[in-house]
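Here is how the chains run, residue by residue.
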Amino acid sequence: MFQGASAINLDAKGRMSIPAKHRDALAVQCEGRLTLTKHPHGCLLFFPRPVWESHREKIAAWPMSARAWQRIFLGNACDVEMDSAGRILISPELRAAVGLAKDVMLLGMGTHFEIWDAVRLNDNEQQAVAGGMPDVLSNFSF
């Protein structure tokens with residue numbers, strides 16, 4: 001279970017260091033084999049390869065009426081591997097698609113991660129709070 005937020009700087013080549021707290025788990029779970037893809041909310045989704053393969057099969061089986069959504073998720077998917085320093089290379093196309101420059105946030109979302117431009121994530125969270133709790137969460141409490 002991946003959770004927590006990590007502030008990370010991309011290097012000049014677009015490489016991102018995986019935080020040590022997740023690096024070992026990813027090495028064991030998927031031998032450092034990972035998949036990145038675009039999400040329409042303006043972030044990247046970052047999956048251990050076995051988790052992605054399960055999602056990929058489900059997405060590929062969607063009906064023709066969902067072809068545009070298949071293009072978003074499958075058409076932008078990029079397999080990557082952690083290098084010996086625990087880094088992954090994010091392609092220029094994916095960085096440009098979601099506006100990643102230098103300061104990024106890696107969010108653990110259970111079975112996968114989201115990678116956000118730090119400013120965009122902050123704006124997104126402020127908008128969510130300003131919009132109030134959605135009705136579906138009206139009975140939620142800690």
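Before reading further, recall that the structure is shown in the block above.
Residues numbered from 1 in each chain as written. Predicted model: local features only at pLDDT ≥ 70, side-chain atom pairs only at ≥ 80, totals over all residues. Heavy atoms only, no water.

Participant: What's the story with the nonpolar core in this structure? I'm lost.
Facilitator: Proteins that are soluble and globular tend to have nonpolar side chains buried together. If you look at the biggest cluster of nonpolar residues, it comprises 22 residues, and the most contacted ones within it are Met-16, Leu-26, Phe-46, Ile-88, Ile-90 and Ile-115. Listed by contribution, the elements that provide at least two residues to this core are β1 (2–9), α1 (20–30), β3 (33–39), β4 (43–48), α4 (92–98), β7 (103–110) and β8 (113–117). Other than its neighbours up to four places away in sequence, Leu-26 contacts Phe-2, Ile-18, Glu-31, Gly-32, Leu-34, Phe-46, Pro-48, Met-82 and Phe-113. (Core = buried A, V, L, I, M, F, W, Y, C linked by side-chain atoms within 4.5 Å. Buried < 20%, exposed > 50% of the residue type's maximum accessible area, 1.4 Å probe, protein only. Helix = DSSP H or I, 4+ residues; strand = E, 2+ residues; numbered from the N terminus. Contact = heavy atoms within 4.5 Å.)

Participant: Looking at this model, I keep getting lost on helix α2 (residues 49–60). Mind explaining?
Facilitator: Think of an α-helix as turning once every 3.6 residues; residues three or four places apart then point the same way. Its 12 residues place the ends of α2 16 Å apart at the C-alpha level, agreeing with the 16 Å of an ideal helix rising 1.5 Å per residue. Inspection of α2 places Arg-49, Val-51, Trp-52 and Ile-59 among the buried residues, and these make up the whole buried set. Summarising the axial view, the buried residues of α2 lie within an arc of 145°, below the 170-degree limit, and thus occupy one face. Counted as exposed and oriented over 90 degrees from the buried face of α2: Glu-57 and Lys-58. Where α2 is buried, its residues touch α1, β3, β4, α3 (67–73) and β5 (78–81). (Expected span 1.5 Å × (residues − 1). Arc of directions from axis to C-beta.)

Participant: How do you make sense of the sheet that holds β1 when you look at a structure like this?
Facilitator: Strand pairing in a sheet relies on backbone hydrogen bonds. The paired strands run either parallel or antiparallel. If you walk across this open sheet you meet the six strands as β1-β7-β8-β4-β3-β5, and the pairing is antiparallel. In this open sheet, the two strands that pair with only one neighbour each are β1 and β5. In this sheet, neighbouring strand axes are inclined to one another by 25° on average, regardless of whether the strands run parallel or antiparallel. Here β4 runs beside β8; their pairing, made up of three bridges, is antiparallel. (Pairing = 2+ DSSP bridges. Axes fitted to C-alpha atoms, helices over the stretch in contact; angles between N-to-C directions.)

Participant: Teacher, can you tell me more about the packing of aromatic side chains here?
Facilitator: For any pair of aromatic rings, geometry is given as the distance between the ring centres together with the angle between the planes. Taken as a whole and assessed by the stated rule, the structure comprises six aromatic pairs. Pairing Phe-47 with Trp-52 gives two aromatic rings, centres 5.3 Å apart and planes at 45°, and the pair type is tilted. According to the relative accessible area criterion, Phe-47 is buried, its value standing at 4%. Geometrically, the ring pair formed by Trp-62 and Phe-73 is edge-to-face, given 6.2 Å between the ring centres and 80° between the ring planes. Residue Trp-62 is found in the loop between α2 and α3, and its partner Phe-73 is found in helix α3; the two are separated by 11 residues along the sequence. Clustering of aromatic rings is evident, with ring pairs tying together Phe-2, Phe-46 and Phe-113. (Phe/Tyr/Trp six-rings, centres within 6.5 Å; stacked < 30°, edge-to-face > 60°.)

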